[in-house]
Amino acid sequence: MSSIPIYHFEMVKYALQRGINVVCEKPFTRDSKESKELLQLSKQNNSKVIIDFEWRYFPMRQKIKELIVNNSIGKLIHLEYHISSPQYQHLISNKRGWMGEKRKFGGMLGALGAHMIDCLRWLTADEIENVNGLVYTHVPMGAGEYRDADDAFFIRGKMKYNTTFSLQLLSGINHGFGSNLKIFGSKGTISLSNDKTLLFGKANEQLEVINVEQRIGPVHLIDEANAYYPAFYPFLERVYDYIVYNRIDEDLPTIFDGHENQVVIDKIFDV
């Protein structure tokens, strides 16, 4: 289901009570109390819930996961995931609607931060032990509209197996540098820029480009749809296999991931 986040709980609950399988957008719920109730309900009714963290299936990210699983960079030391998107002019001249309203669970922590937190948990195969964060609204006014939902966040912490991390997003700026994911390990380093340029280097060697075959969308798709296609299409294939044939792909994000993601978001919001 795809609706604004404040309706996810009631909609998913309604479906689960009737034994209906669900694919739900992120952020999953408003808080971990809601997500925990849905997690228990899905177990009781033996219903499947998949969360739309389709970014896991970008070919470059699948390659990164392969490198980590194969111990190519050794023990994980630190993961840094920073995004800067130049949206200042758009924010001051256009309305954001519910996305600018904290009470409707708008804001970038839910919109993009949920994906970034999921990426961290998925790549490290670990859970967050300590986290502290700041959410901030750099552009609270625009197009006659007042906003109190975040357009920036800064998150730091440590995983249970001692990998440290830094997640950051800026959108109320005039110039951006895109998406940059860096993973530092005891045997090497991985760098991914804008999900297009993947670098890998072993200890004492230079970083080198790794070419990964990209899935190309149909020619009739608009640019925005084409950007999502390489991850969303394989995600849908895995969803179909899980619901129809009960074959679950190890990378498929389920209700458990949605709940754990919400636990982290709660800590950042200090709920």
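Just so we're clear, the structure is a prediction, and the values are computed from it rather than from any experiment. (Residues numbered from 1 in each chain as written. Predicted model: local features only at pLDDT ≥ 70, side-chain atom pairs only at ≥ 80, totals over all residues. Heavy atoms only, no water.)

Asks: Honestly, the overall build of the protein in this entry has me stumped. Any pointers?
Replies: When helices and strands are counted, the protein shows seven helices and 12 strands. Radius of gyration (C-alpha) of the protein: 19 Å, near the 18 Å computed for a compact globule of 271 residues. Each principal axis of the C-alpha atoms in the protein carries an extent, and together these give about 55 × 50 × 45 Å. Sequence-distant contacts in the protein: of pairs separated by 6 or more residues, those separated by 24 or more amount to 70%. Carbon and sulfur atoms form 51% of the exposed surface of the protein, whose accessible area is close to 13,800 Å². With 31 positive and 33 negative side-chain charges, the protein shows a spacing of 3 Å between the two charge centroids. (Helix = DSSP H or I, 4+ residues; strand = E, 2+ residues; numbered from the N terminus. Rg over C-alpha atoms; globule rule 2.2 N^0.38 Å. Contact = heavy atoms within 4.5 Å. Areas by Shrake-Rupley, 256 points an atom, 1.4 Å probe, with all protein chains shown as cover. Lys, Arg positive; Asp, Glu negative; His and termini not counted. Charge placed at Lys NZ, Arg CZ, Asp CG, Glu CD.)

Asks: Is there a simple way to think about the packing of helix H3 (residues 59-69) against helix H5 (residues 108-124) in this case?
Replies: The geometry of a pair of packed helices is captured by two quantities: the angle between their axes and the separation between those axes. Orientation of H3 relative to H5, taken along the N-to-C sense of each, is 35°, at an axis distance of 9 Å. In this structure, H3 contributes Arg-61, Gln-62, Ile-64, Lys-65 and Ile-68 to the contact, and H5 contributes Cys-119, Trp-122 and Leu-123. Of the residues in the contact of H3 with H5, the class split is five nonpolar, one polar and two charged. (Axes fitted to C-alpha atoms, helices over the stretch in contact; angles between N-to-C directions. Nonpolar A, V, L, I, M, F, W, Y, C, P; charged D, E, K, R; others polar.)

Asks: Can you help me understand the pattern of salt bridges in this one?
Replies: Opposite charge on two side chains makes pairing possible when the charged atoms of those side chains draw close. Considering all chains together, one arrives at 15 salt bridges under this definition. Between Glu-127 and Arg-121 there is a salt bridge, and its shortest N-O distance comes to 2.8 Å. Residue Lys-158 pairs with Glu-129 through a salt bridge whose shortest N-O separation is 2.5 Å. Placement of the pair is Lys-158 in strand S7 (residues 152-159) and Glu-129 in strand S4 (residues 128-136), with a sequence separation of 29 residues. (Salt bridge = Lys/Arg side-chain N within 4 Å of Asp/Glu carboxyl O.)

Asks: Could you clarify how one ought to interpret the environment of Pro-5 in this entry?
Replies: Within the secondary structure layout, Pro-5 lies in the segment before helix H1 (8-17). Through-space distance from the C-alpha of Pro-5 to that of Thr-29 is 6.1 Å; in sequence the pair is 24 residues apart. Apart from residues lying up to four places away in sequence, Pro-5 is in contact with Pro-27, Arg-30, Trp-98, Lys-104 and Phe-105.

Asks: What am I meant to see in a nonpolar patch on the surface here?
Replies: A cluster of nonpolar side chains, namely Tyr-240, Ile-243, Val-244 and Tyr-245, defines an oily patch on the protein surface of about 380 Å² accessible area. Here Val-244 lies in helix H6 (residues 223-245). For Val-244, a relative accessible area of 45% translates into the label partly exposed. (Patch = residues over 30% accessible without salt bridge, like charges linked within 9 Å, V, L, I, M, F, W, Y side chains within 5 Å. Buried < 20%, exposed > 50% of the residue type's maximum accessible area, 1.4 Å probe, protein only.)

Asks: Can you walk me through the pairing of strand S11 (residues 197-202) in this structure?
Replies: Remark: a regular strand shows side chains that alternate across the two faces of the sheet. In terms of strand pairing, strand S10 (residues 188-193) meets S11 through six bridges, oriented antiparallel. Residue pairing for S11: Leu-192 is matched across the bridge by Leu-198. Between S10 and S11, which pair antiparallel in sequence order, lie three residues; one of them, Asn-194, sits at a positive phi of approximately 55°. By the bridge criterion, two bridges tie S11 to strand S12 (residues 208-209) in an arrangement that is antiparallel. Looking across to S12, one finds that Leu-199 is bridged to Val-209. Hairpin connection from S11 to S12: five residues lie between these consecutive antiparallel strands, with Asn-204 at a positive phi of about 70°. (Pairing = 2+ DSSP bridges.)

Asks: So what exactly am I meant to see when it comes to the nonpolar core here?
Replies: Here is a general trend for soluble globular proteins: nonpolar side chains tend to be buried in one another's company. Ile-64, Tyr-81, Leu-123, Leu-167, Leu-181, Ile-183 and Ile-190 are the most contacted members of the largest nonpolar core, which totals 65 residues. Among the elements that line this core, the one with the most residues is H5, at 10 residues. Not counting chain neighbours up to four residues away, the residues in contact with Ile-190 comprise Ile-64, Leu-67, Ile-68, Ile-73, Leu-181, Lys-182, Ile-183, Leu-198, Leu-199 and Phe-200. (Core = buried A, V, L, I, M, F, W, Y, C linked by side-chain atoms within 4.5 Å.)

Asks: What am I meant to see in empty space enclosed by the protein here?
Replies: Gaps left between atoms are located by rolling a probe of water-molecule size over the structure's atoms. A full pass over the atoms with the stated rule returns one cavity of 30 Å³ or more. Here the largest cavity defines a volume of roughly 30 Å³. In this structure, the largest cavity is lined by Phe-53, Trp-55, Arg-56, Arg-61, His-115, Asp-118, Cys-119 and Trp-122. With four residues, H5 is the largest single contributor of residues to the lining of the largest cavity. Its residues placed into classes, the lining of the largest cavity shows four nonpolar, one polar and three charged. (1 Å grid on protein atoms, 1.4 Å probe; cavity = no way out; pocket = protein on both sides within 12 Å on 5 of 7 lines; lining within 4 Å. Points joined across faces, edges and corners; volume = space filled by probe spheres on them.)

Asks: What is the right way to read the side chain of Glu-260 from this model?
Replies: Residue placement: Glu-260 occurs in helix H7 (residues 255-269). The side chain of Glu-260 sits in the buried core without any salt bridge; Arg-121 is the nearest counter-charge, 5.2 Å away. Setting aside residues no more than four positions away along its own chain, Glu-260 makes contact with Arg-121 and Glu-127.

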